[in-house]
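Summary of the model geometry
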Amino acid sequence: MLKIVFTVIKRDLRLAMRRRAELLTVIFFFIISVSLFPIAMGPETEQEARMLKEIAPIIIWISALLATMLSLGQMFSSDYQDGTLEQLILIPQPFSLIVFGKIIAHWLVAGLPLVLIAPLLGMQLGLSVPEQLVLMLTLLMGTPALSLIGAMGAGLTLGLRNSNILVSLLVLPLYVPVMIYGAGSVEAYATGLGFKAHMALMSAVLLLTLILLPWAAATAVRISME
Amino acid sequence: MLNRAFWLQFSTPKTFYPVAGKMIPVFMVLAVLSGVIGLYLSFFETPRVAGLQKEAYHIIFVHVAASWMSMFIYMIMGGYAMLGFILKARLSGMMASALAPTGAMMTFIALITGIIWGRAAWNPNFTWTPDPRLMTELVLFFLYMGFILLQVVIDDARRAMRAGAILAIVGVVFLPLIFFAVKLPTIHQPANIRPGHTMPVVSVVAMLVMVFSFWMYSIAASLMRVRAIMLEQEKRTAWVQQLLGAKT
Amino acid sequence: MKWQSVYDFVFMNGQGWYVWPSYLLVAVCIVAEIFFIKWRDKNAEIKFKQYVNLKRVQDNESEA
């Protein structure tokens, strides 16, 4: 049963590697949108630097949300357009597993780079090293949830005109708790309150999305394909 | 009369349409009556307050009713969506679509009255106080709008119903998460003085009556809307053609 | 009667500016919602008539 998941992951990664430019745009969007904040600040006074440091986790998290949302379009659209998606539904393996494989591939390509680049951006905004590690951890647990939720959004809007904007509206309210726990963890750590509560909740969100959303995304794609 | 067959016969659009039509005036009358009672109680029977509350606390009688209804309707909508999805019952899906705009309106009222009340009661200068319940209302508003827009954009009625059902189910599961997420203590939350721990009984009664009034109104409005939806979607059936054809 | 006068009821020590617009908002929303539902009903009728006409045209074409 796991074999189909790995097959799908390998296929999607191979296809993604052929379209490297698209992936790089997502990563660059992340970098640029985070960098806009210190750029807009201008020459910093110390008070401004402190303020930037305080809202740094929020900036990085929101930019991660937006970057993930931009990358959601490519999850199903190319397979939808060339007819592969129909064939994938028809094969005897459970479609939820296939969608799960696609989500994992999407995360490896669009979520994991964000996790890895975040420390550099954190340095730009003035976060200390332990804070950057906490941020990385929250992103590591949060970005899979973002990919999972986003898959459902992409599945629901498959084939519609102007689906990108609609996906944002559908998916952003569901992203809110992930973002709050993520950014809140770093903030809680920074103020000495300890981040265990936030991280526990974050892992609860991740588990919930892991259980519920592959089914939801698969059903959404099925509904759109009828 | 209490056997299943009797009630099941109303589970199709054709049979439910006239039943809904008869129920609407009943609920409207209930809504207006309880609304009048609630308003009278809230304006004339509750004690005058001095000190921290100020008189603007009259707003809470609509604010609490609207925010309660906004969350309640979302849960009911999710329930109908799930029912329609699992049982493949079109009428349940139509009820879910009918409930959504009413719920969105309740959320909107709760948001605006909440802001007005916040400003009146605690803050002479206009600041957006990050009150957890108000934030949940904001996210809830976007959840409603997402559901409504998804169904508007999809042309095929059946696909729209089922897609909305998935969105509603996931939304219902996420809503408690959102509420608890916004509630987490951070250093930025201002001290929230919540009134109500020593509220006079009359105020509580008035609030409950207003909630009941809003509830009856929501039922009436949704029934009106579901009838319109039935006419929109069941164009090809004989009973609609008869109904509308007879009107020309 | 807890209000000292009609003026007191309307003005509420300066808080009337907050209370009455809120209630007005609720009233406007309710009226607007019912109006929109009635409009949707009428729209459904119009669309239905268009649909019937379309079918009549299509049937005539297929006969001819």
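Residues numbered from 1 in each chain as written. Chains lettered and ligands numbered in written order. Predicted model: local features only at pLDDT ≥ 70, side-chain atom pairs only at ≥ 80, totals over all residues.

The next thing to look at is the overall build of chain C. Counting its regular elements, chain C contains two helices and zero strands. Whereas a compact globule of 64 residues would reach a radius of gyration of roughly 11 Å, chain C reaches 26 Å, over 25% beyond that. Taken along its principal axes, the extent of the C-alpha atoms in chain C is 80 × 20 × 10 Å. A total of 64 residues make up chain C; the buried ones form 12% of that total. (Helix = DSSP H or I, 4+ residues; strand = E, 2+ residues; numbered from the N terminus. Rg over C-alpha atoms; globule rule 2.2 N^0.38 Å. Buried ≥ 20, exposed ≤ 12 C-beta atoms within 10 Å, placed from the backbone.)

Time to look at the overall build of chain A. Helix and strand counts for chain A stand at nine helices and zero strands. Scanning chain A from its N terminus toward the C terminus, one meets helices and strands in the order α-α-α-α-α-α-α-α-α. Across its three principal directions, the C-alpha atoms of chain A cover 60 × 35 × 30 Å. For chain A, buried positions account for 46% of its 226 residues. Long-range contacts, defined here as pairs at least 24 residues apart, represent 81% of the contacts in chain A between residues at least 6 apart. (Contact = placed C-beta atoms within 7 Å.)

On average, residues of chain A score 90 in pLDDT, and 100% of them reach the 70 mark or higher. At the low end of the mean pLDDT range in chain A sits helix H4 (residues 77-81) of chain A, at 86; at the high end sits helix H7 (residues 129-156) of chain A, at 93. (pLDDT = per-residue confidence, 0-100.)

Moving on: the nonpolar core. Counting residues in hydrophobic clusters, the biggest one holds 153 residues, and the most contacted among them are Met 152 of chain A together with Ile 166 of chain B. The element that contributes the greatest number of residues to this core is helix H7 (residues 201-233) of chain B, accounting for 18 residues. Contact partners of Met 152 of chain A, with chain neighbours within four places excluded, come to Leu 213, Ala 216, Ala 217 and Ala 220 of chain A together with Ile 166 and Val 170 of chain B. (Core = buried A, V, L, I, M, F, W, Y, C linked by C-beta atoms within 7 Å.)

This brings us to the packing of helix H5 (residues 132-153) of chain B against helix H6 (residues 157-183) of chain B. Residues and elements named next belong to chain B. Orientation of H5 relative to H6, taken along the N-to-C sense of each, is 170°, at an axis distance of 10 Å. Compared by their axis directions, H5 and H6 come out roughly antiparallel. Where H5 approaches H6, its residues Pro 132, Met 135, Thr 136, Val 139, Leu 143, Gly 146, Phe 147, Leu 150 and Gln 151 are matched on the opposing element by Ala 160, Ala 163, Gly 164, Leu 167, Ala 168, Gly 171, Ile 178, Phe 179, Val 182 and Lys 183. For the contact of H5 with H6, the residue count by class is 13 nonpolar, five polar and one charged. (Axes fitted to C-alpha atoms, helices over the stretch in contact; angles between N-to-C directions. Parallel < 35°, antiparallel > 145°, perpendicular 65-115°, else oblique. Nonpolar A, V, L, I, M, F, W, Y, C, P; charged D, E, K, R; others polar.)

Across the contact, 24 residues belong to chain B and 22 residues belong to chain C. When contributions to the side of chain B that touches chain C are tallied by element, the ones reaching two or more residues are helix H4 (90-122) and H7 of chain B. The biggest single contributor to the side of chain B that touches chain C is H4 of chain B, with seven residues. For the side of chain B that touches chain C, the per-class residue count stands at 15 nonpolar, three polar and six charged.

In this model, Asn 162 of chain A sits at a positive phi of 50°, which is unusual for a non-glycine residue. Structurally, Asn 162 of chain A is set in the loop between H7 and helix H8 (163-190). Although it is not a glycine, Lys 88 of chain B adopts a positive phi angle of roughly 55°. The class of Lys 88 of chain B is exposed, set by 12 C-beta atoms lying within 10 Å.

On to the interface of chain A and chain B. Opposite the 24 residues of chain A that make contact, chain B presents 24 residues. Among the elements of the structure, H7, H8 and helix H9 (196-225) of chain A are those that each provide at least two residues to the side of chain A that touches chain B. Of the residues forming the side of chain A that touches chain B, the biggest block, 12 residues, is contributed by H8 of chain A.

Take the environment of Ala 216 of chain A next. Mapped onto the elements of the fold, Ala 216 of chain A is located in helix H9. In this structure the C-alpha to C-alpha distance between Ala 216 of chain A and Leu 156 of chain A, which are 60 residues apart in sequence, comes to 9.5 Å. Other than its neighbours up to four places away in sequence, Ala 216 of chain A contacts Met 152 of chain A together with Ile 166 and Val 170 of chain B.

Right, let's get into the arrangement of the chains. Among the two pairs of chains in contact, the pair with the most contacts is chains A and B. Chain C makes no contact with chain A, the minimum C-alpha separation between the two being 23 Å.

Helix-helix packing is described using two parameters, namely the angle between the two axes and the distance between the axes. Residue and element names in this part refer to chain A. One way to put it is that helix H2 (residues 20-41) packs onto helix H6 (residues 95-125) with a least axis distance of 10 Å and a crossing angle of 25°. On the basis of their axis angle, the class for H2 and H6 is roughly parallel. Viewed along their axes, H2 and H6 form a crossing whose handedness is right-handed. For the pair formed by H2 and H6, the contact residues are Leu 23, Val 26, Ile 27, Phe 30, Ile 31, Val 34, Ser 35 and Pro 38 on the first element and Val 109, Ala 110, Pro 113, Leu 114, Ile 117, Leu 121, Gln 124 and Leu 125 on the second. Here the contact of H2 with H6 is built from residues that sort into 14 nonpolar, two polar and no charged. (Left-handed = near helix turned anticlockwise from the far one by under 90°.)

In this section: the environment of Ser 96 of chain A. All names here are of chain A. Tracing the chain through its elements places Ser 96 in helix H6. The spatial distance from the C-alpha of Ser 96 to the C-alpha of Leu 135 is 31 Å, given a sequence separation of 39 residues. Not counting the four nearest positions on each side in its chain, Ser 96 is found in contact with Pro 214, Trp 215 and Ala 218.

We now examine the confidence of the model for chain C. The pLDDT averaged across chain C works out to 84; a share of 95% of its residues lies at or above 70. The ipTM value of the predicted complex is 0.90, and its pTM value is 0.89.

The next subject is the environment of Trp 17 of chain C. Considering the arrangement of structural elements, one finds Trp 17 of chain C in helix H2 (residues 16-63). Note: C-alpha distance between Trp 17 of chain C and Ile 46 of chain C (29 residues apart in sequence) is 43 Å.

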